[in-house]
Amino acid sequence: MSTTKYIFVTGGVASSLGKGIIASSLAKLLQARGYKVTIQKLDPYINVDPGTLNPYEHGECYVTEDGAETDLDLGHYERFLNSPTSQANNVTTGRIYQSVINKERRGDYLGKTVQIIPHITDEIKRYIKYLGSKKKFDVVISEIGGTVGDIESLPYIEAVRQMKWELGTDALIIHLTLVPYLSASGELKTKPTQHSVKQLLENGVQPDVLVLRTEHKLTPDLKGKVALFCNVSKEAVIESIDVSTIYEVPIRMKDEKLDIIVLNKLGLPLGEEPDLINWNEFLYRYKNPKKEVTIALIGKYVELRDAYKSITEAIIHAGASNECKVRVEWIHSEKINEDNIEKRLKDCHGILIAPGFGHRGIEGKIIAAKYARELKIPFFGICLGMQIAVIEFARNILNLQGADSTEMNPSTEFPVIDLMDEQKGITDKGGTMRLGSYACNLKKDSGAYKAYGKSKISERHRHRYEFNNSFLPMIETAGMRATGFNPDTNLVEIIEIPEHPWYIGVQFHPEYSSTVLQPHPLFVAFIKAAIENSQKKSI
Ligand code: GLN
């Protein structure tokens, strides 16, 4: 196929309607018909990336293989499409302005007045077209963050208007809105959708497809009314009804023929009937579990589920792979102490300590790691969770009183976790951590090797601190082993306790690379260990 087609997904009426899931589902269907598709998120905030954002503000920060700190929607894109995204898949207003201002300082604009139109909009268009031209995708789907009508989104909507004008039928606009249900009158209301489309029209953008989020089935009459008021053909008014799992949305969108409508409008051949056999198998296993386990997820943002999005999704993938329903017990690390630990964790079959930054909640996590080690409960420590396992072991087995990470206590006598050499002297916060994929070699007789089934792996990182190798001999003699190393720097990437049924800590983030069709091997092995533990418990 010669020209790349561009699809834009905008949102109206309310935020959090699931533009990312609709974009991912459409991409999945097009991919299943044989097209090369990618999805991009355009975020209208001024931070250059979400890396410096507090999870309370923006949920999890997702990390790509090439080390970009991105919006969590990129996690959905990868989990649905099973193919990696990159820095180019997430662009913020901050990044756009940064590059325009850099060009202005270099003199690239030759004395012109630099303005939102055309300079900012040109830069937005450049980022959108980049994926099509450089990466050779058949279809690029660009999801525009925020809601139509936000001041921040205006330059993006204007860029969409220009691209539609330039590209004609090679561009298509999907607008996602909400059809609220008024229980008092028992009615579904289309007025908010009409208003939101009017708002788009005021900006010169005519949507081609409307996806209506709803809690109740839409009647043909209602769809006809929306079509009439919004200049959209009737078959292009798509119902997106609430479903029990986001992974069902592609199936619903296929039933609604979203893929066929989009391909017809873009003038593309329908290709093969979408191959969703593996996807449906996953859904079947997910919906028909044969067993159930409870995993304690210990973190400090547990009131905000989005902060651990990739972890909870990786647990879902691994649960389905084990034909097991996994109940996640969210436990706030600041609320755990020696007195209540037994009560809080006794019904859990596995304990996962989440990544994190700063000292808040650390002591609770250390108590939980100790509990898991002593009671032989499957333990999975991720990034900070792995560092916690090392600190706990140093304090309680090696008896190094006050052992710590220098992140929490810079003057500790026993810095078992310490700042990486390359991090010393860095003061800027944005994009300065050890980020992205690094190679790791596994010891053949380890639990990690057993899970992966190979000795050379590559995993994504996001941290500043590391295992301090000067403590390695002492720690290994006492029964904790380092089983994964970076081949270039010798950094310890994985620790295990071989005497324990399943006790693994990883310095990297396996959750980022777990997908529906390729659940992450460590999560799969962890859930399997939790199942074995639950069977032991019930004997
Ligand atoms: N705060 C720790 C570090 O910077 C761990 C980071 C993480 O869990 N992502 O090394």
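These lines cover the structure that appears in this document, whether it is placed above or below. Position numbers for residues start from 1 in each chain and track the written sequence from start to end. The model is predicted, so local features are restricted to residues of pLDDT at least 70 and side-chain atom pairs to those at 80 or more, both for listing and for counting; the totals for chains, interfaces and linings are taken over all residues. The basis for every side-chain value is the complete set of heavy atoms in the structure, and neither hydrogens nor water enter the calculation.

Description of the overall build of the protein
Here comes step 1: Secondary structure elements are defined from DSSP: runs of H or I of at least 4 residues count as helices, runs of E of at least 2 residues count as strands, and each element is numbered from the N terminus. For the protein, the count of helices and strands is 18 helices and 23 strands.
Here comes step 2: The globule rule used for comparison is 2.2 Å times the number of residues to the exponent 0.38, while the radius of gyration itself is calculated over C-alpha atoms. The C-alpha atoms of the protein give 25 Å as radius of gyration, which agrees with the globular expectation for 539 residues (24 Å, within 12%).
Here comes step 3: Burial status follows relative accessibility: with a 1.4 Å probe on protein chains alone, a residue under 20% of its type maximum counts as buried, one over 50% as exposed, and anything between as partly exposed. Going through the 539 residues of the protein one by one, you find that 58% of them count as buried.
Here comes step 4: Long-range contacts, defined here as pairs at least 24 residues apart, represent 73% of the contacts in the protein between residues at least 6 apart.
Here comes step 5: Accessible surface is estimated by sampling points in the Shrake-Rupley manner with a 1.4 Å probe; for residues, cover comes only from the protein chains shown. For the protein, the exposed area adds up to about 22500 Å²; of that, 51% sits on carbon and sulfur atoms.
Here comes step 6: Here the protein contributes 66 positive and 68 negative side-chain charges, whose respective centroids are spaced 3 Å apart. Here a residue-residue contact requires only that any non-hydrogen atoms of the pair lie within 4.5 Å. We treat Lys and Arg as the positive residues and Asp and Glu as the negative residues; His and chain ends play no part in the count. Positions of charges follow a simple convention, taking NZ of Lys, CZ of Arg, CG of Asp or CD of Glu.

Quick word on the site of the ligand
Here comes step 1: In the vicinity of the ligand, the residues found are Pro-355, Gly-356, Phe-357, Cys-383, Leu-384, Gln-387, Glu-407, Arg-462, His-463, Arg-464, Tyr-465 and His-509.
Here comes step 2: Identification of polar contacts relies on pairs of N or O atoms within 3.5 Å, with a donor-acceptor requirement for protein atoms, meaning one able to donate a hydrogen and the other able to accept it, and with residues adjacent in sequence counted only if both atoms are side-chain atoms. Interatomic distance of 2.7 Å between a side-chain N/O atom of Glu-407 and a nitrogen atom of the ligand.
Here comes step 3: Between the ligand and His-509 there is a distance of 3.3 Å, counted from a nitrogen atom to a side-chain nitrogen or oxygen.
Here comes step 4: Protein contacts shield 99% of the accessible area of the ligand, which totals 300 Å² for the unbound molecule.
Here comes step 5: Those elements giving two or more residues to the shell around the ligand turn out to be α15 (384-396) and β19 (456-463).
Here comes step 6: Residues were grouped as follows: Ala, Val, Leu, Ile, Met, Phe, Trp, Tyr, Cys and Pro as nonpolar; Asp, Glu, Lys and Arg as charged; and all remaining residues, including Gly, as polar. Its residues assigned to classes, the shell around the ligand comprises 5 nonpolar, 4 polar and 3 charged. Residues are labelled near a given molecule or strand when at least one of their non-hydrogen atoms is within 4 Å of it.

Quick word on a nonpolar patch on the surface
Here comes step 1: Put simply, a patch holds well-exposed residues, over 30% relative accessible area, that have no salt bridge, with like charges counted together within 9 Å and Val, Leu, Ile, Met, Phe, Trp or Tyr side chains within 5 Å. Only one rule defines a salt bridge in this text: a Lys or Arg side-chain nitrogen within 4 Å of an Asp or Glu carboxyl oxygen. A cluster of nonpolar side chains, Tyr-97, Ile-101, Ile-116 and Ile-117, forms an exposed patch at the surface whose accessible area comes to about 350 Å².
Here comes step 2: Where the nonpolar patch is concerned, the elements lending two or more residues are α4 (93-106) and α5 (116-134).
Here comes step 3: For Ile-101, a relative accessible area of 46% translates into the label partly exposed.

Some remarks on the pairing of strand β12 (residues 291-299)
Here comes step 1: For β12, the buried fraction is high: 7 of the 9 residues fall into the buried class.
Here comes step 2: As paired elements, β12 and strand β13 (residues 324-332) share 9 bridges and run parallel to each other. Its bridge partner being in β13, Lys-291 is matched across the sheet by Cys-324.
Here comes step 3: By definition, two strands form a pair when at least two bridges between them are found by DSSP. The pairing of β12 with strand β14 (residues 350-353) spans 4 bridges and is parallel. Bridge assignment links Leu-297 to a residue of β14, and that residue is Leu-352.

Digging into the pattern of salt bridges
Here comes step 1: Tallied over the full model, the rule gives 39 salt bridges.
Here comes step 2: Measuring nitrogen to oxygen at the nearest pair gives 2.7 Å for the salt bridge that ties Arg-105 to Glu-104.
Here comes step 3: By relative accessible area, Glu-104 is classed as partly exposed at 31%.
Here comes step 4: Between Glu-392 and Arg-373 there is a salt bridge, with the nearest N and O atoms lying 2.8 Å from each other. Of the two residues, Glu-392 sits in helix α15 while Arg-373 sits in helix α14 (residues 362-374), which places them 19 residues apart along the sequence.

Focus on the environment of Ile-311
Here comes step 1: Within the fold, Ile-311 resides in helix α12 (residues 309-321).
Here comes step 2: Taking the C-alpha atoms as reference, Ile-311 lies 5.1 Å from Glu-511; in sequence the two are 200 residues apart.
Here comes step 3: The residues contacting Ile-311, other than those within four sequence positions of it, are Glu-60, Leu-297, Leu-352, Ala-354, Pro-355, Ile-382, Glu-511 and Phe-523.

A short note on the sheet that holds strand β18 (residues 434-442)
Here comes step 1: The sheet built from 9 strands is open, its strands ordered β13-β12-β14-β15-β23-β22-β21-β18-β19 with mixed pairing. Bordering the open sheet on either side are β13 and β19, each of which pairs with just one other strand. Strand-to-strand, the axes of this sheet are offset by a mean angle of 25°, without reference to chain direction. Every axis corresponds to a line fitted to the C-alpha atoms, with the helix fit spanning only the stretch in contact, and the corresponding angles, defined between N-to-C directions, vary from 0 to 180 degrees.

Overview of the packing of helix α11 (residues 277-287) against α12
Here comes step 1: Relative to each other, α11 and α12 sit at 85°, their axes nearing to 8 Å. When the axis of α11 is compared with that of α12, the two are roughly perpendicular. Of the residues in α12, those in contact with Phe-282, Arg-285 and Tyr-286 of α11 are Ile-316, His-317, Ala-320 and Ser-321. To sort the angles, those under 35 degrees are grouped as roughly parallel, those over 145 as roughly antiparallel, those from 65 to 115 as roughly perpendicular, and the leftovers as oblique.

Let's talk about the packing of helix α7 (residues 191-202) against helix α8 (residues 220-230)
Here comes step 1: Close contact between α7 and α8 brings their axes to 10 Å; oriented N to C, the two are set at 25°. Between α7 and α8, the crossing angle belongs to the class labelled roughly parallel. Considering the relative orientation of α7 and α8, their crossing is right-handed. Of α8, the residues touching α7 (which contributes Thr-193, Gln-194 and Val-197) are Lys-225, Val-226, Phe-229 and Cys-230.
Here comes step 2: Residues that form the contact of α7 with α8 fall into these classes: 4 nonpolar, 2 polar and 1 charged. Note on convention: near helix rotated counterclockwise from far helix by under a right angle means a left-handed crossing. Clockwise means right-handed.

Some words on the nonpolar core
Here comes step 1: Side-chain atoms within 4.5 Å link the members of a nonpolar core, which is a set of buried Ala, Val, Leu, Ile, Met, Phe, Trp, Tyr and Cys residues. Core analysis: the largest hydrophobic core is formed by 58 residues, its most contacted members being Ile-7, Ile-141, Ile-174 and Val-209.
Here comes step 2: With 8 residues, helix α1 (residues 19-32) is the single largest residue contributor to this core.
Here comes step 3: Counting residues in each nonpolar core, the second largest holds 45 residues, with Ile-388, Ile-391, Phe-393 and Leu-400 among its members.

Let's talk about the packing of aromatic side chains
Here comes step 1: Stacked, edge-to-face and tilted are the three classes for Phe, Tyr and Trp ring pairs, Trp counted by its six-membered ring, which pair at centre distances within 6.5 Å; planes under 30 degrees apart are stacked, over 60 edge-to-face, the rest tilted. Going through the model one piece at a time under the given rule, you end up with 14 aromatic pairs.
Here comes step 2: Seen from their ring centres, Tyr-301 and Tyr-308 are 6.4 Å apart, and the 40° between their planes marks the pair as tilted. For the pair shown, Tyr-301 and Tyr-308 are each scored as buried.
Here comes step 3: Aromatic pair Phe-380 and Trp-502: ring centres 5.5 Å apart, planes at 85°, arrangement edge-to-face. Taken as a pair, Phe-380 in strand β15 (residues 379-382) and Trp-502 in the loop between β22 (492-496) and β23 (503-506) lie far apart in primary sequence, 122 residues in all.
Here comes step 4: Looking at Trp-502, the relative accessible area reads 10%, which means it is buried.

Considerations on the sheet that holds strand β17 (residues 415-419)
Here comes step 1: Sheet architecture is open: 3 strands sit in the order β16-β17-β20, paired in mixed fashion. Of all the strands in the sheet, the pair left with one neighbour each is β16 (404-405) and β20 (465-467).
Here comes step 2: Across 3 bridges, the pairing between β17 and β20 is antiparallel. Bridge pairing links Ile-417 to Phe-467 in β20.

Read these as layout, nothing more, since geometry by itself doesn't imply function.
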